[in-house]
Amino acid sequence: MSFLTIPNGRIHYEVSGSGYPLLLFAPGFLSSRIERWRTNPARPGVLQDWLDPIAALSDHFRVIAFDVRNAGESRAALTAADDWTTYTGDHLALLDHLEVERCHVMGACIGVSFALALAQARPNLVSAMVLQNPIGLSATNRAALDGEFSKWADEVRHWPGIDEKLMSGFHQRMFGGDFIFSVSREFVRGCAIPMLLMPGDDVVHPANVSADLAEAPDVEVLAPWQGLARRELAMRRVREFLVAHEPASVPSSAGTSQ
């Protein structure tokens, strides 16, 4: 296993393949971790509705996957100031550690929120984005989102560095807003990064949020895309999209694996 030391913790990551860098933000809400590309712990033995991009894309790209803080094998102390920028700081630190100056990004579920926050934090870093099944707020799903936070909190509340008294404030800072929580609709409408949007259509991944994301200046909507019968075609389009938007000049570090 590879780990990056961060303030008060460490981030577990994996690098597969070589070529232009592709950073993956896994699904799983705050339990976003590498294995969630392959399996859902709530449905053991049941195939995911999508193909694992690590296996599908590492023949062409340098695929960087990781567990976000306090998910999987990653750990970090919870502080009274933690919010979306804390996570983005981890993500930028990992890219800097791997000497990645520019990259594609693919995010699923909460990974869409992480991906857009990264793009906002460092302009010109992200060359193209695949946004799969984004979470977000609808008129009726606040309780469901709070429930997802509670499930994560129940799992980590006894871990070292986690002060349960800080959970309520952290919850509010992360999910007290609206839209996809990490960035505003105004940012998305002004974000010219090419995007491939794979819309959501359920309680936690509501259709209205994907509709708002579809107002970005340079977005292609891939729908329908979910389900075992569509997995191959969907991943083929993801590959085509990422290859088509690969910059002509690839940073010299793109082929380095650590």
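Scroll up to find the structure.
**A short note on the overall build of the protein chain**
- For the protein chain, the count of helices and strands is eight helices and nine strands.
- Referenced to the eigenvectors of the C-alpha coordinate spread, the extents of the protein chain come out at roughly 50 × 40 × 40 Å.
- Within the protein chain, contacts between residues at least 6 apart in sequence are counted, and of these 78% link residues at least 24 apart.
- A total of about 10700 Å² of accessible surface is found on the protein chain, and carbon and sulfur atoms cover 51% of it.
- Across the protein chain, the centroid of the 22 positively charged side chains sits 2 Å from that of the 30 negatively charged ones.

**Some thoughts on unusual backbone geometry**
- Of note, the bond from A223 into P224 is cis; its omega dihedral lies within 30 degrees of zero at -5°.
- By secondary structure assignment, the location of P224 is in the loop between β9 (219-221) and α8 (231-244).
- Phi at F29 is positive, roughly 55°, even though this residue is not glycine.

**Quick notes on the nonpolar core**
- Residues L30, L116, M129 and F175 are the most contacted members of the largest nonpolar core, which totals 63 residues.
- By residue number, the principal contributor to this core is helix α3 (residues 110-121), which donates seven residues.
- Membership of the second largest hydrophobic core comes to 26 residues, among which are L22, V63, L196 and F241.

**Side note on the environment of M174**
- Within the secondary structure, M174 is located in helix α5 (residues 167-175).
- When the C-alpha atoms of M174 and A128 are compared, they prove to be 25 Å apart, with 46 residues separating the residues in sequence.
- Apart from residues no more than four positions distant in its own chain, M174 is found in contact with L30, D83, W84, Y87 and F181.

**Side note on the pairing of strand β7 (residues 126-132)**
- Extensive coverage of β7 is indicated by the burial of seven of its seven residues.
- In terms of strand pairing, strand β6 (residues 103-108) meets β7 through six bridges, oriented parallel. By the bridge assignment, A108 is partnered in β7 with Q132.
- Tracing the backbone out of β6, into α3 and back to the parallel element β7 gives a crossover that is right-handed.
- Pairing analysis gives four bridges linking β7 to strand β8 (residues 195-198), with the strands arranged parallel. Bridging across to β8, L131 finds its partner in L197.

Calculation rules
- Residues numbered from 1 in each chain as written.
- Predicted model: local features only at pLDDT ≥ 70, side-chain atom pairs only at ≥ 80, totals over all residues.
- Heavy atoms only, no water.
- Helix = DSSP H or I, 4+ residues; strand = E, 2+ residues; numbered from the N terminus.
- Contact = heavy atoms within 4.5 Å.
- Areas by Shrake-Rupley, 256 points an atom, 1.4 Å probe, with all protein chains shown as cover.
- Lys, Arg positive; Asp, Glu negative; His and termini not counted.
- Charge placed at Lys NZ, Arg CZ, Asp CG, Glu CD.
- Core = buried A, V, L, I, M, F, W, Y, C linked by side-chain atoms within 4.5 Å.
- Buried < 20%, exposed > 50% of the residue type's maximum accessible area, 1.4 Å probe, protein only.
- Pairing = 2+ DSSP bridges.
- Right-handed = clockwise from strand over helix to strand, strands pointing away.

Geometry only, nothing functional implied.
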